[in-house]
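The lines below spell out each chain.
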Amino acid sequence: QVQLVESGGGLVQAGGSLRLSCAASGRTFSSYAMGWFRQAPGKEREFVAAISWSGGRTYYKDSVKGRSTISRDNAKNTVYLQMNSLKPEDTAVYYCAASRVYNGGYSISDYAYWGQGTQVTVSS
């Protein structure tokens, strides 16, 4: 049982940066892989990044790889998504999610718990 709350979204210019945070409640946070997904208006929710239980393995959507970094601090029960060189096509509601699959997963069906989302808007 995990409760997730995202924060850190906002309005930025193209080329700017944001650091999203996801605070989790629950004593077994370190037993969950964590993922970030996003959903733009009229589009399906899509995978962005995932991090394993230990934090030793990370995975990214091709379009964000190289300019985004997912990390976690199990002592603080928090997962982060640092996004640099933001583009208008990154505009979406970003959700964090928790999975009992060791490395997370690429599908929403791999995740049992979800936050409420935080809006990211990138202007040109």
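Please read all numbers here as calculations on a predicted model, not as lab measurements.

How each quantity is defined
- Residues numbered from 1 in each chain as written.
- Predicted model: local features only at pLDDT ≥ 70, side-chain atom pairs only at ≥ 80, totals over all residues.
- Heavy atoms only, no water.
- Core = buried A, V, L, I, M, F, W, Y, C linked by side-chain atoms within 4.5 Å.
- Buried < 20%, exposed > 50% of the residue type's maximum accessible area, 1.4 Å probe, protein only.
- Helix = DSSP H or I, 4+ residues; strand = E, 2+ residues; numbered from the N terminus.
- Pairing = 2+ DSSP bridges.
- Phe/Tyr/Trp six-rings, centres within 6.5 Å; stacked < 30°, edge-to-face > 60°.
- Lys NZ or Arg CZ within 6 Å of the ring centre and 35° of its normal.

S.K.: Give me the nonpolar core: which residues, what numbers.
M.R.: Core analysis: the biggest nonpolar cluster contains 27 residues, and Leu-4, Met-34, Trp-36, Ile-70, Leu-81 and Tyr-94 have the highest contact counts within it. For this core, the secondary structure elements donating two or more residues are β3 (18–25), β4 (33–39), β5 (46–51), β8 (78–83), β9 (92–99) and β11 (118–123). Counting residues in each nonpolar core, the second largest holds 5 residues, with Phe-47, Ala-50, Ala-97 and Tyr-111 among its members.

S.K.: Now, about the pairing of β9: what can you tell me, with residues and values included?
M.R.: For β9, a buried count of 7 out of 8 residues is recorded, marking the element as mostly surrounded by other parts of the structure. Note: β4 against β9, 7 bridges, orientation antiparallel. Each bridged residue has a counterpart across the sheet, and for Met-34 the counterpart in β9 is Ala-98. Strand direction decides the pairing type here: β9 and β11, joined by 3 bridges, are antiparallel. In the strand pairing of β11, Ala-92 is matched with Val-120. Of the pairings in the sheet, the one linking β9 to strand β10 (residues 113–114) comprises 2 bridges and is antiparallel in character. Counted as the bridge partner of Ala-97 is Trp-114 from β10.

S.K.: How would you summarise the packing of aromatic side chains if you had to cite specific residues and measurements?
M.R.: In the structure shown here, the tally under the stated rule is 8 aromatic pairs. Seen from their ring centres, Trp-53 and Tyr-102 are 4.8 Å apart, and the 65° between their planes marks the pair as edge-to-face. Pair noted here: Trp-53 is in the loop between β5 and β6 (58–60) and Tyr-102 is in the loop between β9 and β10, with a separation of 49 residues, a long-range link. Judged by its relative accessible area of 27%, Trp-53 is partly exposed. Three or more aromatic residues joined by ring pairs make a cluster, and in this case those are Phe-37, Phe-47, Tyr-59, Tyr-106, Tyr-111 and Trp-114. Over the aromatic face of Tyr-95 sits the side chain of Arg-45, whose NZ or CZ is 3.8 Å from the ring centroid. Taking the ring centre of Tyr-32 as reference, the NZ or CZ of Arg-100 above it sits at 5.0 Å.

S.K.: How would you sum up unusual backbone geometry? Please name residues and give values.
M.R.: The phi dihedral of Asn-77 falls on the positive side, at around 55°, and the residue is not glycine. As for its placement among the helices and strands, Asn-77 is situated in the loop between β7 (68–73) and β8. In this structure, Ser-85 takes a positive phi of about 50° despite not being glycine. Checked against the element boundaries, Ser-85 lands in the loop between β8 and β9.

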